[in-house]
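What follows is each chain in one-letter form.
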Amino acid sequence: MSAITEPTARQVACAQEQRRGLMAACLAHALHDGYTDGLYAFLPIWQSQFGLSYAGLAIVRALYFGTMGGLQVPADHLLSGISPRNTLVLSTLIAAGGLAVMAIPMGFAELCCGLVLAGIGSSIQHPRASQLITECYGNTARRPLSIYNFSGDLGKATLPALIALLLPVFAWRPVAGILALLGLALSLVLIRLTPRHIAPAMVTSPHRQSRGGSTGFAWLLAIGAFDTATRMGYLLFLPFLIHGCGGSSATVGIALALLFAGGALGKATCGWLGDHLGIVGSVAATETTTSLLIIATLFTPLSGTLMLLPLLGIVLNGTSSVLYGTVPELAPDGNTGRAFAVFYTGVIGTGGLAPIAYGALADHVGRTTGQLATAATALLIVPMGCDWDRP
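All figures in this text were calculated on a predicted structure; none of them were measured in a lab.

A few words on the overall build of the protein chain. Along the backbone of the protein chain there are 14 helices and 0 strands. Ordered by position in the sequence, the α and β elements of the protein chain form the string α-α-α-α-α-α-α-α-α-α-α-α-α-α. Counting over 391 residues, the protein chain shows a buried share of 56%. Of the accessible surface of the protein chain, which amounts to about 15400 Å², a share of 69% is contributed by carbon and sulfur atoms.

Next up on the list: helix α11 (residues 302-324). Compared with the 33 Å implied by 1.5 Å per residue over 23 residues, the 33 Å span of α11 between its first and last C-alpha is a close match. In the structure, α11 departs most strongly from a straight axis at leucine 309, where the bend amounts to approximately 30° and where the proline proline 310 lies between one and four residues downstream. When you tally the buried positions in α11, you get 17 out of 23 residues, the bulk of the element.

Now for the nonpolar core. Counting residues in hydrophobic clusters, the biggest one holds 96 residues, and the most contacted among them are Tyr35, Phe42, Trp46, Met102, Leu238 and Leu312. Considering each element in turn, this core owes the most residues, 13 residues, to helix α9 (residues 214-244). Beyond its immediate sequence surroundings of up to four residues, tyrosine 35 is in contact with Tyr64, Ala95, Ala96, Leu99, Leu159, Leu179, Ala180, Leu182 and Gly183.

What follows concerns the packing of helix α3 (residues 54-70) against helix α6 (residues 108-137). Axis angle and axis distance: for two packed helices, these are the angle between their axes and the distance between the axes, and together they describe the pair. Taken N-terminus to C-terminus, the directions of α3 and α6 make an angle of 25°; their axes are 7 Å apart at the nearest point. Here α3 lies roughly parallel to α6, going by the angle between them. Relative to α6, α3 is oriented so that their crossing is right-handed. Packed against α3, whose contacting residues are Val60, Leu63, Tyr64, Thr67 and Met68, the element α6 presents Phe108, Cys112, Leu115, Val116, Ala118, Gly119, Ile120, Ser122, Ser123 and His126 at the interface. Residue classes in the contact of α3 with α6 are distributed as 10 nonpolar, 5 polar and no charged.

Turning next to the pattern of salt bridges. This model, assessed by the stated rule, comprises 2 salt bridges. A salt bridge links arginine 231 to aspartate 227; the shortest N-O distance between them is 3.0 Å. Residue arginine 231 and its partner aspartate 227 are located together in helix α9, separated by 4 residues, close to a single helical turn. Taking the relative accessible area as the measure of exposure, arginine 231 reaches 8% and is therefore buried.

To continue, consider the confidence of the model for the protein chain. In this model, the protein chain carries an average pLDDT of 81, and 86% of its residues clear a pLDDT of 70 or more. Under a pLDDT of 50 for its full length, residues 1-5 has, in the predicted model, 1 contact with residues more than four places off or in other chains. Throughout residues 200-212 the model reports pLDDT below 50, and contacts reaching past four residues in sequence, or to other chains, amount to 38 contacts.

So, about the packing of aromatic side chains. Pairs of aromatic rings are described using the distance from one ring centre to the other and the angle between the two planes. The full count for this structure, using the stated rule, is 5 aromatic pairs. Consider the rings of phenylalanine 42 and tryptophan 46, whose centres lie 5.5 Å apart with planes at 10°: the pair is stacked. Across the pair, tryptophan 46 and phenylalanine 42 agree in class, each one buried. Seen from their ring centres, phenylalanine 343 and tyrosine 344 are 6.5 Å apart, and the 70° between their planes marks the pair as edge-to-face. Note on tyrosine 344: relative accessible area 8%, which makes it buried. Following the ring pairs from residue to residue traces out a cluster consisting of Phe42, Trp46 and Trp172.

Below, the discussion takes up the environment of cysteine 14. Looking at the element boundaries, cysteine 14 is found in helix α1 (residues 2-38). For the pair cysteine 14 and cysteine 136, spaced 122 residues apart in sequence, the C-alpha separation works out to 8.5 Å.

Next up on the list: the environment of serine 291. Here serine 291 shows up in helix α10 (residues 249-297). Taking relative accessible area as the criterion, serine 291 reaches 2% and is therefore assigned buried. Between the C-alpha atoms of serine 291 and alanine 373, which are 82 residues apart in sequence, the distance is 9.6 Å. Setting aside chain neighbours within four positions, we find serine 291 in contact with Ala375, Ala378 and Leu379.

How each quantity is defined
Residues numbered from 1 in each chain as written. Predicted model: local features only at pLDDT ≥ 70, side-chain atom pairs only at ≥ 80, totals over all residues. Heavy atoms only, no water. Helix = DSSP H or I, 4+ residues; strand = E, 2+ residues; numbered from the N terminus. Buried < 20%, exposed > 50% of the residue type's maximum accessible area, 1.4 Å probe, protein only. Areas by Shrake-Rupley, 256 points an atom, 1.4 Å probe, with all protein chains shown as cover. Expected span 1.5 Å × (residues − 1). Bend = angle between axes of the 7 residues up to and from the residue. Core = buried A, V, L, I, M, F, W, Y, C linked by side-chain atoms within 4.5 Å. Contact = heavy atoms within 4.5 Å. Axes fitted to C-alpha atoms, helices over the stretch in contact; angles between N-to-C directions. Parallel < 35°, antiparallel > 145°, perpendicular 65-115°, else oblique. Left-handed = near helix turned anticlockwise from the far one by under 90°. Nonpolar A, V, L, I, M, F, W, Y, C, P; charged D, E, K, R; others polar. Salt bridge = Lys/Arg side-chain N within 4 Å of Asp/Glu carboxyl O. pLDDT = per-residue confidence, 0-100. Phe/Tyr/Trp six-rings, centres within 6.5 Å; stacked < 30°, edge-to-face > 60°.

As C-alpha cells, then:
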C-alpha cells in the first residue's frame, strides 16, 4: 500500500508545483506584456508634449524594446544560476521601478531612463519564465508554453484599456505610477506563488529537432523577426489611424483592446489551423490575411476599423504562437533556455528597430505609405515559409 501511496503523493506534489510554476509565469508574462503594449496609449501624448516626429517617437519606443530585446541572452546567461522564483520577482521589480522613474516629473531624460530600466526588467522575464515552464513540464511543455503565450495577450488586452480609461482622469505620469504599484503588488504575489525548487522528476530532457537543427532554427528566427516587424510597425501607426478617423484617446485604448483580444483568440485559432494546414500552411494563411486586413483598415471609417481590429488581431498575433511553440523542438543542442533567449532577442530586437524605419518612411512620404509597408512585410513572409519547408 505504501508503495502505491508514496508515488501518488509525489505525483500530486509535482502537479501542484507545475501549476504554480505555470501560473506564476503567466501572471508575470501578462503584466510585462501589458506594460509593453500599454506604452502605445502614451505615444500621442508624448509626441505632443515633447514635440517628437514619427521617427523620433519610434526611437523613444525603441529604448524600451531595444533594451528588452538586446539583453535577452546576457540576462539568461547571468541569471542562469539563480532560481526561477527569484528571477521572476527580480524582473518584475525592475520593470516596475522603470515605470516609477517615468512617473517622476523630471522631463524627457527621465522618461528615457525609465523606459530603459523597464526594458531591462522585461528582458529577464521572457527567457527565464519560458525555461521555468520547460523545466516544470519537460517534453510535455508545448501546451503549457501555448498557455503562457496566451497569457501575454490577456495583459495586452487589459492594461492598454486600463491606461486609456485612466488617462482622461489623470495625467500620464500618475498613470505610470499606478502601473508601477501594480508591478510591486505582483512581485509580492510571485514570492509566495512560484515554487522555490523544481523537483528532479520534472526536469526536461533535450528535444529532438525536426527541421535540420540550427538551420531550421535560423529560419524560424527569421520568420519570427519579420512577423514581429509587421505587428510592431502597425501598432506604431494604429493610434494615429484612430485619431485620423476622429477617435479620442479613449477610443485608441478600445482599439488596442480589440486588437489584442483578437490576438488572444488567435492563439487558439492558429493552433487549430496549424493542426490542419501545418506550420508553413498556417503561416502563409495568417500572413496573407494580415496584409489584406491592414490595407482594409486604411479605407474604412472608424466604426468599420473597430470591427476589423479583432479579426486583424487573430492573424496579426496568432502566428507567433505557431512559431513560439516550435522553439523547444528546434533548440540547437537541446539548450531550450538559450534558444528562447536568442529567439526573443531576434523578434524583440526587430520589434524595436523596424518601427524606426517605418516611422522614417512615414515622415518622408506619409503615414499611409508607412502602413502599406507593414502590409508588404507580412507578404514577404509567405515565400520565406515556403523556402523553410523545402527539404
